[in-house]
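Residue-level listing of the chains:
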Amino acid sequence: LFPFPVRGSEGLYMVNGPPSFTESTAFQRDSGKNCKAVAFTKDGSLFAWCNGERVNVVNVTRAELLRSFDLPKAVCLEFSPKNNVLATWQAYATGKDGMAGVPNLQLHDLRTGKCLKSFIQKKMQNWCPCWADDESVCARNVNNEVHFFENNNFNTIANKLHLQKVSDFVLSPGAQPTKVAVYVPGSKGAPSFVRLYQYPNFGGPQSALANKSFFKADKVTMLWNKKATALLVVASTEVDKTGASYYGEQTLHYMAANGESAVVQLPKNGPIYDVAWSPNSVEFCAVYGFMPAKATIFNLKCDPVFDFGTGPRNAAYYSPHGHILVLAGFGNLRGQMEVWDVKNYKLISKPVASDSTYFAWCPDGEHIVTATCAPRLRVSNGYKIWHYTGSVLHTYEVPSNEEMWQVFWQPFLDGVFPEKAVRYQAVPSELPSAEPKPAQAYRPPALRNKPVTSSKLHEDEPPQNMKPQLGGGDKPLSKTALKNQRKHEAKKAAKQEAKADMNQSPGQTRAPQNTPRNAVPATTTGDPEVDKKIKNLKK
């Protein structure tokens with residue numbers, strides 16, 4: 001049973017996952033309306049929440065209260081990867097007469113319950129310190145430089161990364177050695193750049209593993225792959241100077257830990273909506289281009305492997321095992337989802353989850369939750385549990401006077417659930433299918449009894465395999481590829497003709513009557529230009 005917590009105006013409670021969908025008795029419902037924050041540990045064994053009075057930590061498996069902290073104003077919670085430390089943040093308030101306020105970021109030892117260290121952290125953005133997966137290193141951004149602590153000893157700064165105005169950083173996932181990606185925004189005509197370092201080698205630009213500089217970046221999103229061998233950087237500007245988009249301009253850059261870097265060439269112009277690494281770390285999917293958006297899978301050479309064509313989509317979600325990919329259109333789109341088998345590039349199902357503000361894969365790689373949450377949408381709040389084959393297994397709608405703020409799965413470590421073979425047949429469900437009725441287009445009275453003529457604003461591009469096919473594949477070629485192919489064929493034909501000319505001896509100049517027209521006899525005048533003209537005339 002994969003329990004998932006539900007937080008809203010009805011309080012905080014846990015629901016048992018498939019197949020029962022009953023309220024969990026292991027977790028006692030907290031009926032207060034002030035539950036601001038919830039968090040699970042990485043392995044899902046501990047669960048913390050703040051109810052406006054205290055921050056409580058429970059052991060989910062044993063259903064017992066582990067710790068309780070007197071922090072009524074806490075609004076953010078986060079566990080360290082090995083469950084040793086709980087980080088809490090509350091809004092910063094200055095003291096009287098403009099004096100410095102009290103530290104508002106606390107780090108608590110979960111074994112003893114003591115506060116290890118308090119910091120002043122004014123901004124809510126990037127409030128939480130970042131740990132390496134084994135907790136050997138912890139880092140936080142302080143006044144545009146990154147401070148590193150080792151083995152959860154927060155009283156001494158073990159290392160500092162000095163660069164002018166580090167705006168953001170990301171630690172690599174997985175085992176040692178830890179790598180750090182840092183972003184420094186450009187100023188006064190200098191470009192922005194992202195650098196990769198291996199901890200603790202921070203001595204100057206030569207010590208960087210890789211460096212990528214670019215203009216046109218007001219903010220960046222950095223995404224490590226699971227094996228920490230490569231990083232994707234989405235650089236975006238707030239304003240598109242060309243006026244083509246409301247959402248600014250985006251570019252996608254690739255950086256590898258071995259020093260390679262490249263700009264990922266996207267065949268369609270427009271915004272980059274989403275980028276996601278496959279859990280296998282050797283492929284990534286990008287959703288991009290003006291609507292209807294394209295979605296393409298690229299390999300580590302940034303070459304397209306498979307193109308899903310165009311469609312109404314703005315997000316991509318890989319399953320935990322990486323064998324299924326969901327392309328979806330949420331937000332200002334209607335909630336259409338396409339579920340693809342990534343190994344065979346086959347479409348499994350096309351469910352529709354309209355008005356969804358949240359999507360998440362269950363750690364078992366079989367089930368999905370979609371939800372409509374406040375404050376993004378304040379009506380029709382609720383959630384649905386799906387099987388990836390398109391069946392709705394459970395649905396819950398909040399009463400009309402209540403709101404739902406959050407729902408998410410209990411996490412599990414990788415490898416707990418084995419990968420299962422992909423199914424194409426819809427899983428049986430007691431609920432009716434959620435297929436919405438297709439909306440009929442308005443037709444004026446004069447046309448109502450006449451046959452329907454379909455007119456599309458744009459033609460959808462079909463999916464196509466971009467891998468070079470053995471034995472001359474029949475994949476459609478791009479315009480430039482076709483042009484190059486024709487040039488190549490023309491050159492080949494010219495070479496063969498030249499060979500044929502060479503092979504004919506001077507004694508055989510008079511061609512027999514039945515020679516085909518294209519077999520041109522060779523005549524030489526000594527001037528190659530004149531020869532060429534004679535040859536063309538005879539042709």
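Thresholds, definitions, all that
The numbers attached to residues start from 1 for each chain and follow its sequence in the written order. Given that this is a predicted model, residues contribute local features only at a pLDDT of at least 70 and side-chain atom pairs are listed and counted only at 80 or more, while totals for whole chains, interfaces and linings are drawn from all residues. Each side-chain value is derived from all of the structure's non-hydrogen atoms; neither hydrogens nor water enter the calculation. Strands are runs of DSSP state E lasting at least 2 residues, helices are runs of H or I lasting at least 4, and numbering of each runs from the N terminus. The buried label applies to any residue whose accessible area, calculated with a 1.4 Å probe on protein chains only, is under 20% of its type's maximum; exposed applies above 50%, and partly exposed to all values in between. Between two residues, a contact is recorded if the distance between any of their heavy atoms is within 4.5 Å. Exposure was quantified through the Shrake-Rupley algorithm and a 1.4 Å probe, taking into account, for residues, occlusion by the shown protein chains and nothing else. Confidence of the predictor at the level of single residues is given by pLDDT, which spans 0 to 100. Pairing between strands is defined by DSSP: at least two bridges between the two strands are required. Axes here refer to lines fitted to C-alpha atoms; in helices the fit is confined to the stretch in contact. Angles between the N-to-C directions go from 0 to 180 degrees. By nonpolar core we mean a set of buried residues, namely Ala, Val, Leu, Ile, Met, Phe, Trp, Tyr and Cys, connected to one another through side-chain atoms within 4.5 Å. Aromatic rings from Phe, Tyr and Trp, taking only the six-membered ring of Trp, are treated as a pair when their centres fall within 6.5 Å; an angle between ring planes under 30 degrees marks them as stacked, one over 60 as edge-to-face, and anything in between as tilted. In our convention, an over-ring charge means Lys NZ or Arg CZ found within 6 Å of a ring centre and within 35 degrees of that ring's normal. When a carboxyl oxygen of Asp or Glu lies within 4 Å of a side-chain nitrogen of Lys or Arg, that pair is called a salt bridge. We call a pair of cysteine sulfur atoms a disulfide whenever their separation is within 2.5 Å.

Chemist: Provide a residue-level description of the overall build of the chain, including the pertinent values.
Modeler: Per the secondary structure count, the chain includes 2 helices and 36 strands. Within the chain, the fraction of its 539 residues that count as buried is 43%. Pairs at least 24 residues apart make up 42% of the contacts formed inside the chain by residues separated by at least 6 positions. Accessible surface for the chain amounts to roughly 30,400 Å². Of this, 52% is attributable to carbon and sulfur atoms.

Chemist: Could you give me a rundown of the confidence of the model for the chain, with the residues and numbers involved?
Modeler: Of the residues in the chain, 88% have a pLDDT of 70 or more, and the chain-wide mean is 82. The secondary structure element of the chain with the lowest average pLDDT is helix α1 (residues 479-503), at 69, and the one with the highest is strand β27 (residues 315-318), at 93. In the predicted structure, residues 470-475 sits below a pLDDT of 50 and forms 3 contacts with residues beyond four places in sequence or in another chain. Across residues 505-521 the pLDDT falls below 50, and counting only partners more than four positions away or on other chains, this stretch makes 8 contacts in the model.

Chemist: So, the sheet that holds strand β23 (residues 272-277): which residues are in play, and what are the values?
Modeler: Taken together, the 5 strands give an open sheet; going across it, the order is β23-β24-β25-β26-β36, and neighbouring strands pair in antiparallel fashion. Two strands close off the open sheet at either side, each with one partner strand: β23 and β36 (464-465). Both β23 and strand β24 (residues 283-288) contribute to a ladder of 5 bridges, which runs antiparallel. Note on β24: the bridge partner recorded for Trp 277 is Phe 284.

Chemist: Outline the sheet that holds strand β15 (residues 168-171), listing residues and values.
Modeler: Pairing is antiparallel across the open sheet formed by 4 strands, whose spatial order is β15-β16-β17-β18. Each edge of the open sheet carries a strand with a single partner, namely β15 and β18 (210-214). For this sheet, the mean angle separating the axes of adjacent strands, direction not counted, is 15 degrees. In the sheet, strand β17 (residues 192-198) pairs with β18 via 5 bridges, with the strands oriented antiparallel.

Chemist: Mind laying out the nonpolar core, listing which residues take part and the relevant values?
Modeler: Phe 148 and Val 182 are the most contacted members of the largest nonpolar core, which has 18 residues in total. Tallying contributions element by element places strand β16 (residues 179-184) first for this core, with 3 residues. Setting aside its immediate chain neighbours within four residues, Val 182 contacts Leu 161, Leu 163, Val 166, Asp 168, Phe 169, Phe 193, Val 194, Arg 195, Tyr 197 and Met 222. One finds Phe 21, Cys 362, Ala 371 and Tyr 383 within the second-largest nonpolar core, a separate group that totals 17 residues.

Chemist: Go over the packing of aromatic side chains, please, and point to the residues and values.
Modeler: Tallying each qualifying case throughout the model produces 20 aromatic pairs. Ring centres of Phe 149 and Phe 154 lie 5.3 Å apart, and the angle between their planes is 55 degrees; on these two criteria the pair is classed as tilted. Of the residues examined, Phe 149 reaches a relative accessible area of 3% and is grouped as buried. Given a relative accessible area of 4%, Phe 154 falls into the buried group. Where Phe 284 meets Phe 298, the ring centres are 5.5 Å apart and the plane angle is 20 degrees; that geometry is what we call stacked. Remark: Phe 298 occurs in strand β25 (residues 293-299) and Phe 284 occurs in strand β24; sequence separation between them is 14 residues. Each member of the pair, Phe 284 as well as Phe 298, carries the same accessibility label: buried. An aromatic cluster is present here, built from Phe 27, Phe 40, Phe 47, Trp 49 and Phe 408 joined pairwise through their rings. Positioned above the aromatic ring of Phe 119, the side-chain terminus of Arg 140 is 4.2 Å from the ring centre.

Chemist: So what's going on with the pairing of strand β29 (residues 337-341)? Which residues, and what values?
Modeler: Burial analysis of β29 places 5 of its 5 residues in the buried class, which makes it a mostly covered element. On β29, burial covers both faces: Met 337, Val 339 and Asp 341 on one face and Glu 338 and Trp 340 on the other are all buried. As judged from the 3 bridges shared by β29 and strand β30 (residues 346-349), these two strands associate in the antiparallel manner. Bridge pairing in β30 links Asp 341 to Lys 346. Two successive antiparallel strands, β29 and β30, enclose a turn made up of 4 residues, where Tyr 345 displays a positive phi of approximately 50 degrees.

Chemist: Talk me through the pattern of salt bridges; I want residue IDs and the actual numbers.
Modeler: Taken as a whole and judged by the stated rule, the model has 10 salt bridges. Put simply, Glu 145 and Lys 160 hold a salt bridge, and the shortest N to O gap is 3.7 Å. Of this pair, Glu 145 sits in strand β13 (residues 145-150) while Lys 160 sits in strand β14 (residues 159-161), and the two are 15 residues apart along the sequence. Lys 294 is paired through a salt bridge with Asp 307; the nearest N and O atoms lie 2.9 Å apart. Taken as a pair, Lys 294 in strand β25 and Asp 307 in strand β26 (residues 304-311) lie far apart in primary sequence, 13 residues in all. Overall, the relative accessible area of 6% leaves Lys 294 in the buried class.

Chemist: So what about the environment of Gln 28? Which residues, and what values?
Modeler: As for its placement among the helices and strands, Gln 28 is situated in the loop between β2 (11-15) and β3 (37-40). The exposure class assigned to Gln 28 is exposed, which follows from its relative accessible area of 71%. For the pair Gln 28 and Leu 12, spaced 16 residues apart in sequence, the C-alpha separation works out to 8.9 Å.

Chemist: Residue-level account of the state of the cysteines, with values.
Modeler: Disulfides are covalent bonds that connect the sulfur atoms of two cysteines. Going through the model one piece at a time under the given rule, you end up with 0 disulfides. Here Cys 50 stays free of any disulfide, with the sulfur of Cys 35 as its closest cysteine sulfur at 7.1 Å.

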